[in-house]
Amino acid sequence: MQPTSRFEATMPTQLHALISDLRWRTQLLDADIREEERKAGISDPTNLAYPLLALNLRARRDNLQVSIAILESRLSSRPTEWPHAA
């Protein structure tokens, strides 16, 4: 079935771009986490001396990964389930 509006035609492209951007951001967060762990000399998040910044970065990364999963499931859904432009 052909898209009936420009919105429906660009939705997959927009989702792909957003997913790609979020993946890039998670890679940046992973690098920042590794750097904080390296500076502290601690890589175990359960250690009481684990850097607070690294814990916060991990939470952000995890939230982005959940968002990516949701967007990927939306992308794989049928176009008829996408919202229609008004």
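What you are looking at is a predicted structure, and each value in this text was computed from that prediction instead of being measured.

Draft legend 1. Structural view of the side chain of Thr-26. The residue Thr-26 is located in helix α1 (residues 6-40) in this model. Among the polar contacts listed, one links the side chain of Thr-26 to the backbone oxygen of Arg-23, at a separation of 2.6 Å.

Draft legend 2. Geometry of the nonpolar core. In terms of nonpolar packing, the biggest core is built from 14 residues, with Leu-15, Ile-19, Leu-22, Tyr-50 and Leu-71 touching the most fellow members. Elements that contribute at least two residues to this core include exactly α1 and α2 (52-76). Residues within four places of Leu-71 in sequence aside, it is in contact with Leu-15, Leu-18, Ile-19 and Leu-22.

Draft legend 3. Fine view of the environment of Thr-26. By relative accessible area, which is 8% here, Thr-26 ends up buried. Along the primary structure Thr-26 and Leu-57 are separated by 31 residues, whereas in three dimensions their C-alpha atoms are 9.5 Å apart. For Thr-26, the residues in contact, after removing those within four places along its chain, are Arg-61, Leu-64, Gln-65 and Ile-68.

Draft legend 4. Examining the pattern of salt bridges more closely. Overall, the coordinates contain seven salt bridges when judged by the stated rule. With its nearest N and O atoms 2.5 Å apart, the salt bridge here joins Arg-38 to Glu-35. Here the residue Arg-38 and the residue Glu-35 both occupy positions in helix α1, the gap between them amounting to three residues, near one helical turn. On the basis of relative accessibility, which here comes to 56%, the residue Arg-38 falls in the exposed class. Here the residues in one salt-bridge network are Asp-30, Arg-61 and Asp-62, joined through shared partners.

Draft legend 5. Molecular detail of α2. The end-to-end C-alpha separation of α2 is 37 Å, in line with the 36 Å expected for 25 residues at 1.5 Å each. Every buried residue of α2 is listed here: Ala-54, Leu-57, Arg-61, Leu-64, Ile-68, Leu-71 and Leu-75.

Calculation criteria
Residues numbered from 1 in each chain as written. Predicted model: local features only at pLDDT ≥ 70, side-chain atom pairs only at ≥ 80, totals over all residues. Heavy atoms only, no water. Helix = DSSP H or I, 4+ residues; strand = E, 2+ residues; numbered from the N terminus. Polar contact = N/O pair within 3.5 Å; in protein donor to acceptor, adjacent residues only side chain to side chain. Core = buried A, V, L, I, M, F, W, Y, C linked by side-chain atoms within 4.5 Å. Buried < 20%, exposed > 50% of the residue type's maximum accessible area, 1.4 Å probe, protein only. Contact = heavy atoms within 4.5 Å. Salt bridge = Lys/Arg side-chain N within 4 Å of Asp/Glu carboxyl O. Expected span 1.5 Å × (residues − 1).

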